[in-house]
Each structure stands twice: as structure tokens, then as C-alpha cells.
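# Structural characterization, general
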Amino acid sequence: RLNTPEVPSQKRSMALSREQIAARLRQHRESIGLTQATVAADLGVHRPTISEIEAGRRAVTAEELYRLSALYGASVSEILAEQPAEAVDAAELLALRSDDADSPGARLALKRFVADRKAEFELEELLDLAHPASAAIRRDAPNPRRTMDAVEQGESLATLERRQLGLGAEPVISVLHLLARQGIRIGPLRALPSDRIDGVYFESADLGPCVGVNWRDGDWTGGRAAFTAAHEYAHVILRDRTREVFHLAAGERDLQEVRANAFAAAFLMPAEGLRAYFSGKGLLRGQALSHLAPADVVRAMD
């Protein structure tokens, strides 16, 4: 037999009351903007049933609790935890760009992303696995006052970072894996119904920097996702903001965003790399392209 030390009574986990569980379920439902009627339809019950559960007048069954946790993007353990602790409140992220995230589907996708990163952290602790410490070198830059300042700062920062990582002038093939090796928690925004959200970024004391990218058509590693990840990497390096919901848009006026976009473009494919490619193909005469056929563009893209 194993001799298990007695846990002091004040350390024992206390079971939540029916009323406390009811309050947790209501909070999770409201956090993503679902109505009781929508939840009832998903569970195949009448709306008064959800009302009774959330009022604490009816106990939730194990099957209902499991299905509700999946619907709300939360684990059962999170709902039943004696003192649940949120590293980052998804609602804080949603408030950053409410016009683009003001739907239950978008709220749920962002909430699930935060929950996934927390689960990753908890699993690492449980298995005694050390997450790579953030290796990103933090750099300082003055606030840009003009668009040209922002572009120049972004491109200069990209040059420094590529040199630091030994990337030369070659294109970055897998920016997602590169960021992961830099100790950044990165993953897809699953089941995101909105195309007006490209990515999300936040930092917290326990999770460190986290980057999520829109999972379009089952693919979260495509060109737009790579650009989004590189854009967020600029914020990690500069610490010019600690959280954002990002949408790539033409005519961006926020100069910090313009700077991050310029960094992403120059980081993924620097101009000297393109010059070297076209020169090697015999298409460059001095600083100008002598001619450029559609096939040349396709080969350059590859």
C-alpha cells in the first residue's frame, strides 16, 4: 500500500454548490453572446430548462455539462474549478475590435484560442515539460510620426531580426514554426466565421507571448496567415502593444500597424532577395527589370 499524506482540511478542494455552477454556466454563455434559446436548441431541450439550470433550480446533468462546456469553449474542469484563474480574459481581446468580433461565433473562436493556450500551459506543467523561453530580442523604436517613418522603421527592424536569426536574403518558408522556436505560443483561431479577423495577439505573465491566426478553409499556414504571424512578431519584438485583434486592411492609418505590416513584408521576403533572384534569372539590368512575363512572377512566387 502507498502511504498518502493526509491533505490538511483547509487545502482540500471544496465542491461547488448548484447555485455556483449555475452562475458559472450563465457567465460563460453571456461571455460569447449566446441566448438561452440558442443554447437550448443546441442541446435539444426547451428554453425554460436552461433558465432553470442557470437559476440553480435544476441540477445540470453530466452529459449537459459536457455539451455546454464544448459549446462555450471551456473545459469542464474550468467551469468546476474552485477558483478559476484567467491568464487573459477573452472579453478584453474582443473589446479591442468590437465591430469585427461582435458575434457569438467570433467570440467563441477567440475564447477557444485563449483556452487552448491555457490548456497547453497546464499540460506542460503537468508533464513537467519546459516551454521554450521567449528568445525574441526586444528592441526599442520611437513612435513613428509619419507613414514613411513607420515603413522605414519596420524594414530596418526586419533587417536586424533576419540578421539575428541568420536568415540571409532567403524567404521565410515557415514563419509559424520559426515563431514557435522563438518561444511564442502560436495556433489557429478555430471555427472563426469572420474574414474580418486575421489574427490575435496577447502577452501574459504565465503564458508569455501568444499569436493566433485565422484558420481559413482548414488551412492556417497559407500566405495571409504567414503575414499575420510576422505582423504580430513585430509587436512581440517592439512591445508597442501587449494585445490586439488584427485585421489586414488596405489604407491602414495606425502607424504602429503600418510599421508592423512593413516589418512583415520585409521579414518574409527582403527586397535584396528579390533583386538577387531576378538578377540570377537575367531579368535585372542595373536596378530595373528589363522585362517581366506572368510566368516569371509565378516562378518568383514559388
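These figures come from a predicted structure and were not determined experimentally.

## Thoughts on the overall build of the chain
Broken down by element type, the chain carries 14 helices and six strands. Taken across its 302 residues, the chain has 43% of its residues classed as buried. The long-range share in the chain, meaning contacts at least 24 apart out of those at least 6 apart in sequence, stands at 68%.

## Things to note about a nonpolar patch on the surface
A cluster of nonpolar side chains, namely Leu123, Leu126, Leu127 and Leu129, defines an oily patch on the protein surface of about 430 Å² accessible area. Residue position: Leu126 is located in helix α8 (residues 104-126). Since its relative accessible area comes to 68%, Leu126 is described here as exposed.

## Structural notes on the environment of Arg107
For Arg107, the position within the fold is in helix α8. Overall, the relative accessible area of 23% leaves Arg107 in the partly exposed class. As for Arg107 and Gly33, which are separated by 74 residues in sequence, their C-alpha atoms are 7.6 Å apart.

## What to know about the layout of surface pockets
Considering only enclosed or pocket space, the largest pocket measures out at about 630 Å³ in volume. Forming the boundary of the largest pocket are 23 residues, of which Pro171, Val172, Ile173, Met269 and Met301 lie nearest the centre. Of all elements in the fold, only α10 (175-181), α11 (223-238), α13 (271-280) and α14 (294-301) reach the threshold of two or more residues within the lining of the largest pocket. Residue contributions to the lining of the largest pocket peak at four residues, all from α13.

## A few points about the pattern of salt bridges
The final tally for this structure, using the stated rule, is 17 salt bridges. Across the salt bridge formed by Glu54 and Arg29, the nearest N and O atoms sit 2.6 Å from each other. One end of the pair, Glu54, is in helix α3 (residues 47-54); the other, Arg29, is in helix α1 (residues 18-31), with 25 residues separating them in the sequence. Taken as a pair, Glu54 and Arg29 share a single burial class, namely buried. For Arg185, the salt bridge identified is with Glu124, shortest N-O distance 2.9 Å. Residue Arg185 is found in strand β1 (residues 185-189), and its partner Glu124 is found in helix α8; the two are separated by 61 residues along the sequence. A residue is classified by how much of its surface remains accessible, and Glu124, at 14% relative accessible area, is buried. A network of salt bridges, in which partner residues are shared, links Arg117, Glu120, Glu124 and Arg185.

## Brief notes about empty space enclosed by the protein
Going through the model one piece at a time under the given rule, you end up with one cavity of 30 Å³ or more. Space inside the largest cavity adds up to approximately 30 Å³. Listed by contribution, the elements that provide at least two residues to the lining of the largest cavity are α3 and α4 (62-72). For the lining of the largest cavity, the element with the highest residue contribution is α3, accounting for three residues. For the lining of the largest cavity, the class distribution of residues is six nonpolar, no polar and one charged.

## With respect to the side chain of Asp198
Tracing the sequence through the fold places Asp198 in the loop between β1 and β2 (199-204). In this structure the side chain of Asp198 is engaged in a polar contact, spanning 2.6 Å, whose partner is the side chain of Arg224. Aside from chain neighbours lying at most four places away, what touches Asp198 is Gly212, Val213, Asn214, Arg216, Arg224, Thr228, Phe246, His247 and Leu248.

## As for the nonpolar core
Proteins that are soluble and globular tend to have nonpolar side chains buried together. Core analysis: the largest hydrophobic core is formed by 29 residues, its most contacted members being Val175, Leu179, Ala229, Tyr233, Phe263 and Phe267. Elements supplying a minimum of two residues to this core: α9 (147-165), α10, β3 (208-214), α11 and α12 (255-268). Ranked by the residues each element gives to this core, the list is headed by α11, at 10 residues. Those residues in contact with Phe267 that lie beyond four places of it in its chain are Ala158, Glu161, Arg162, Leu165, Leu167, Val172, Val175, Leu178, Ala230 and Tyr233.

## Considering the environment of Leu160
Among the secondary structure elements, Leu160 is positioned in helix α9. Here the alpha-carbon distance between Leu160 and Arg139, two residues 21 residues apart in the chain, equals 9.8 Å.

## What to know about the sheet that holds strand β4 (residues 243-246)
Read across the open sheet, the four strands follow the order β1-β3-β2-β4; overall the sheet is mixed. With partners counted over all chains shown, the strands left at the sheet margins are β1 and β4, one partner each. Ignoring which end each strand starts from, the neighbouring axes of this sheet average 15° apart. Here β2 pairs with β3 via six bridges, running antiparallel. Counterpart to Val200 in the pairing with β3 is Gly212. Where α8 meets the sheet, it contacts β1, β2, β3 and β4, and its direction lies at approximately 145° from that of β1.

Each value, and the rule that gives it
- Residues numbered from 1 in each chain as written.
- Predicted model: local features only at pLDDT ≥ 70, side-chain atom pairs only at ≥ 80, totals over all residues.
- Heavy atoms only, no water.
- Helix = DSSP H or I, 4+ residues; strand = E, 2+ residues; numbered from the N terminus.
- Buried < 20%, exposed > 50% of the residue type's maximum accessible area, 1.4 Å probe, protein only.
- Contact = heavy atoms within 4.5 Å.
- Patch = residues over 30% accessible without salt bridge, like charges linked within 9 Å, V, L, I, M, F, W, Y side chains within 5 Å.
- Areas by Shrake-Rupley, 256 points an atom, 1.4 Å probe, with all protein chains shown as cover.
- Salt bridge = Lys/Arg side-chain N within 4 Å of Asp/Glu carboxyl O.
- 1 Å grid on protein atoms, 1.4 Å probe; cavity = no way out; pocket = protein on both sides within 12 Å on 5 of 7 lines; lining within 4 Å.
- Points joined across faces, edges and corners; volume = space filled by probe spheres on them.
- Nonpolar A, V, L, I, M, F, W, Y, C, P; charged D, E, K, R; others polar.
- Polar contact = N/O pair within 3.5 Å; in protein donor to acceptor, adjacent residues only side chain to side chain.
- Core = buried A, V, L, I, M, F, W, Y, C linked by side-chain atoms within 4.5 Å.
- Pairing = 2+ DSSP bridges.
- Axes fitted to C-alpha atoms, helices over the stretch in contact; angles between N-to-C directions.

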